[in-house]
Amino acid sequence: MCFISFFFLFFFSLMNFFMVIYFIMNNIIIILEWEIISFNSLSIIMSILLDWMSLLFMMFVSLISSVVIYYSKSYMSSELNLNRFIILVLLFVFSMILLIISPNIVSILLGWDGLGLVSYCLVIYYQNIKSYNAGMLTALSNRIGDLFILMVIGWMMNYGSWNYLFYLSFMKNDYSMFMISIMIIIAAMTKSAQIPFSSWLPAAMAAPTPVSALVHSSTLVTAGVYLLIRFNFLLVDMMFIKILLLLSGLTMFMAGISANYEFDLKKIIALSTLSQLGLMMSILSMGMPDLAFFHLLTHAMFKALLFMCAGVIIHMMMDIQDIRFMGGISNFIPMTSLCMNVSNMALCGIPFLAGFYSKDLILEMVSLSNLNFFIFLLYYISTGLTMFYSFRLTMYLMINDYNLLSIYNLYDEDFTMLKSMMILLLMSIISGSFLMWLIFSYPYMIFLPFNMKMMVIYVSILGAFLGFFISNMNIYSVNKFLMTYQVSNFLCLMWFMPNLSTYGLNFYFLNFGQMMLKNIDMGWSEMYSGQGYFFIVKKYSVLFNLFHLKNYKIYLFSFVLWMFMLIILMIFLYLNSL
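Keep in mind it's a predicted model, so treat the numbers as computed, not measured.

Caption draft 1: View of the overall build of the protein chain. Helix and strand counts for the protein chain come out as 24 helices and two strands. For 578 residues, the compact-globule estimate of 2.2 N^0.38 gives 25 Å, and the C-alpha radius of gyration of the protein chain, at 33 Å, exceeds that figure by more than 25%. Taken over the C-alpha atoms alone, the protein chain extends approximately 125 × 75 × 55 Å along its principal axes. Looking at the 578 residues of the protein chain, the share that counts as buried comes to 53%. Of all intrachain contacts in the protein chain linking residues separated by at least 6 positions in sequence, the fraction that spans at least 24 positions is 80%. As displayed, the protein chain has an accessible area near 28100 Å², and 73% of this comes from carbon and sulfur atoms. Averaging the coordinates of the 22 positive side-chain charges in the protein chain and doing the same for the 21 negative ones gives two points 14 Å apart.

What follows is the structure, given as structure tokens:
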């Protein structure tokens, strides 16, 4: 099953690659319409959109998923139901492909919902309470996006068809299109985990590592960005897109800070994914969809590789994810460390690796744009923070001392995992320049003052120095440096978002429910129904029980009482008859 899936997806990816080149060279867009059913005037049509963007994204998705499936053969080797896992991953890939190639909002909902459902199944794959909570948070956060897309389907009934591609340009100033675009933005924010829906992405790290590499780094979380890229004609000149710019900039900043406080290896990488998603969303809301798409593709490569390396390291460490136990692994697993370092450097935007081309271009376009200083600062501080947490991670993993048990338990690397990582290592190095030649038909000449041009390098060097010094410091001194324990707690817990989106939302409802249970169900309704009747009947039955005791005094007394009542009745009747 593993090999079949791997070869199928890999060759599908190669086929897409050649088609992309053909489509770009000849500037082709193909829309296929397949009429499923035609009954009187009703026709149900499945439409497929093939242009360079959908084909390129499909190529990257199928390449990463083929590599991940090959990697799972070794990583999940102790799993009894390996085929079930691979079928889930394949279902996920097919949902993603349906989302990518459909210009129809209904089939987009099918792919979108498929992603959410399969993602839930994969997050709860290891069945324990933590996975269950993470899965519920993931599924319910994504339900909000599904709901908004359903509402979009309802709103698009006015236009007579659900092929949104035909309506983008000429209905731009229409009020219902304004409503549709707001709903699309909110749906994309839930799927791409922007503030205030950010808490599900680090929680979803309860899934197996291959799933994290495929789902929560490169494909599922970029579905929202991809949807916005498709709808980008609607979004320019909108007020709401400026709010998205602010929120995604804050997401980028918040994730960068939280990653510096985190000690869980997978959560650090998840937060770095969140930071890069903020970067994509913010450059998208500045009206540059091609740059967002470029960064989406390069990021998918090195982030999937980073997760795979993390998976190998967690295996080596006897399933410990805490980076404080690790250290000096470059002596024991050199090839994995090489991949880890290259992907980390690509993430930081070290020149001529994949991340550099997209990130540098984005930051220079930000410097060139006429936005305010706050957004400018958010971009550059977040870039510095990326360098910061990457350097801190490298310090903890590679340079510090090995902190696990005294028993030497690192074994040599697994070649199945290594072979799959090598493909992504190659792509992490070359995909930036390769895509830059492919996507942009003319070279961008960005003319800036020298210091602004070098600004990226300045913040990166500053971030690296800070990362180095903070890793050598004690954690208490870092908190002392931030003045209070409360501030560092606030920064560490993702600005309290996980608490707010779980306990914060349901506290009032659960509290109200408890009050209702106590005062209504167990209180008044008991008094006036079951329990109350029971007490009344019990009192009277005790009284009647006295009569049923065969006691002579009671009989005599009741006889006297009856005679007395009879005499009173006769007197009353006699008086009435007068």
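Structure shown, so let's carry the discussion forward.
Caption draft 2: Seen up close, the UniProt feature "domain: NADH:quinone oxidoreductase/Mrp antiporter transmembrane" (unreviewed entry) in the protein chain. Per the UniProt annotation, the sites labelled "domain: NADH:quinone oxidoreductase/Mrp antiporter transmembrane" (unreviewed entry) are residues 102-382. Between the end C-alpha atoms of residues 102-382 there is a gap of 34 Å, over a span that is 72% helix and 0% strand.

Caption draft 3: Inspection of the state of the cysteines at higher detail. Enumeration over the complete set of coordinates arrives at zero disulfides. Of all cysteine sulfurs in the structure, the one in C121 sits closest to C2, which takes part in no disulfide; the separation is 19 Å.

Caption draft 4: Here's a closer look at the pattern of salt bridges. In total, this model carries five salt bridges according to the counting rule given. For R324, the salt bridge identified is with D322, shortest N-O distance 2.9 Å. We note a salt bridge from E364 to K453, for which the minimum N-O separation is 3.3 Å. In this pair, E364 sits in helix α15 (residues 354-368) while K453 sits in helix α18 (residues 450-453), placing the two residues 89 residues apart along the sequence. Judged by its relative accessible area of 9%, E364 is buried.

Caption draft 5: Inspection of the packing of aromatic side chains at higher detail. Within the structure shown, the criterion is met by 30 aromatic pairs. Pairing F17 with F434 gives two aromatic rings, centres 5.8 Å apart and planes at 55 degrees, and the pair type is tilted. Taken together, the residues span a long stretch of sequence, with F17 in helix α1 (residues 2-26) and F434 in helix α17 (residues 415-439) at a distance of 417 residues. With a centroid separation of 6.3 Å and 70 degrees between ring planes, the pair formed by Y22 and F23 is classed as edge-to-face. Residue classification places F23 among the buried positions, given a relative accessible area of 5%. Taken together, the aromatic side chains of F3, F6, F7, F10, F11 and Y70 make up a single cluster linked through ring pairs. Just above the ring of F263 sits the side chain of R324; from NZ or CZ to the centre is 3.9 Å.

Caption draft 6: Region of interest: empty space enclosed by the protein. Using the criterion set out here, one finds three cavities of 30 Å³ or more in the structure. What the largest cavity holds in volume is close to 40 Å³. Where the lining of the largest cavity is concerned, the elements lending two or more residues are α3 (82-101) and α9 (223-230). If you tally residues by element for the lining of the largest cavity, the top one is α9, at three residues.

Caption draft 7: View of the environment of K73. Summarising the element assignment, K73 is placed in helix α2 (residues 52-75). Sequence separation between K73 and M1 is 72 residues; the distance between their C-alpha atoms is 9.5 Å. The residues contacting K73, other than those within four sequence positions of it, are C2, F3, L82 and T416.

Caption draft 8: Representation of helix α13 (residues 289-316) within the structure. For α13, with 28 residues, the first-to-last C-alpha span of 40 Å sits near the 40 Å given by 1.5 Å per residue. Bending of α13 peaks at approximately 25 degrees at the position of A300. Within α13, 26 of the 28 residues are buried, which leaves the element mostly enclosed by the surrounding structure. Positioned one or two residues after α13, M318 has a phi angle of 55 degrees, which is positive.

Caption draft 9: Inspection of unusual backbone geometry at higher detail. The step from I195 to P196 runs through a cis peptide bond, and the omega angle for that step is 5 degrees. Along the chain, the position of P196 falls in the loop between α6 (175-191) and α7 (200-203). Positive phi values are uncommon outside glycine, yet N27 reaches one of about 55 degrees. Turning to its location among the elements, N27 is positioned in the loop between α1 and β1 (30-39). According to the relative accessible area criterion, N27 is exposed, its value standing at 70%. Phi is positive for A193, which is not a glycine, with a value near 55 degrees. Along the chain, the position of A193 falls in the loop between α6 and α7.

Rules used in this analysis
Residues numbered from 1 in each chain as written. Predicted model: local features only at pLDDT ≥ 70, side-chain atom pairs only at ≥ 80, totals over all residues. Heavy atoms only, no water. Helix = DSSP H or I, 4+ residues; strand = E, 2+ residues; numbered from the N terminus. Rg over C-alpha atoms; globule rule 2.2 N^0.38 Å. Buried < 20%, exposed > 50% of the residue type's maximum accessible area, 1.4 Å probe, protein only. Contact = heavy atoms within 4.5 Å. Areas by Shrake-Rupley, 256 points an atom, 1.4 Å probe, with all protein chains shown as cover. Lys, Arg positive; Asp, Glu negative; His and termini not counted. Charge placed at Lys NZ, Arg CZ, Asp CG, Glu CD. UniProt positions renumbered as here; feature names shortened; annotations may be inferred. Disulfide = S-S within 2.5 Å. Salt bridge = Lys/Arg side-chain N within 4 Å of Asp/Glu carboxyl O. Phe/Tyr/Trp six-rings, centres within 6.5 Å; stacked < 30°, edge-to-face > 60°. Lys NZ or Arg CZ within 6 Å of the ring centre and 35° of its normal. 1 Å grid on protein atoms, 1.4 Å probe; cavity = no way out; pocket = protein on both sides within 12 Å on 5 of 7 lines; lining within 4 Å. Points joined across faces, edges and corners; volume = space filled by probe spheres on them. Expected span 1.5 Å × (residues − 1). Bend = angle between axes of the 7 residues up to and from the residue.

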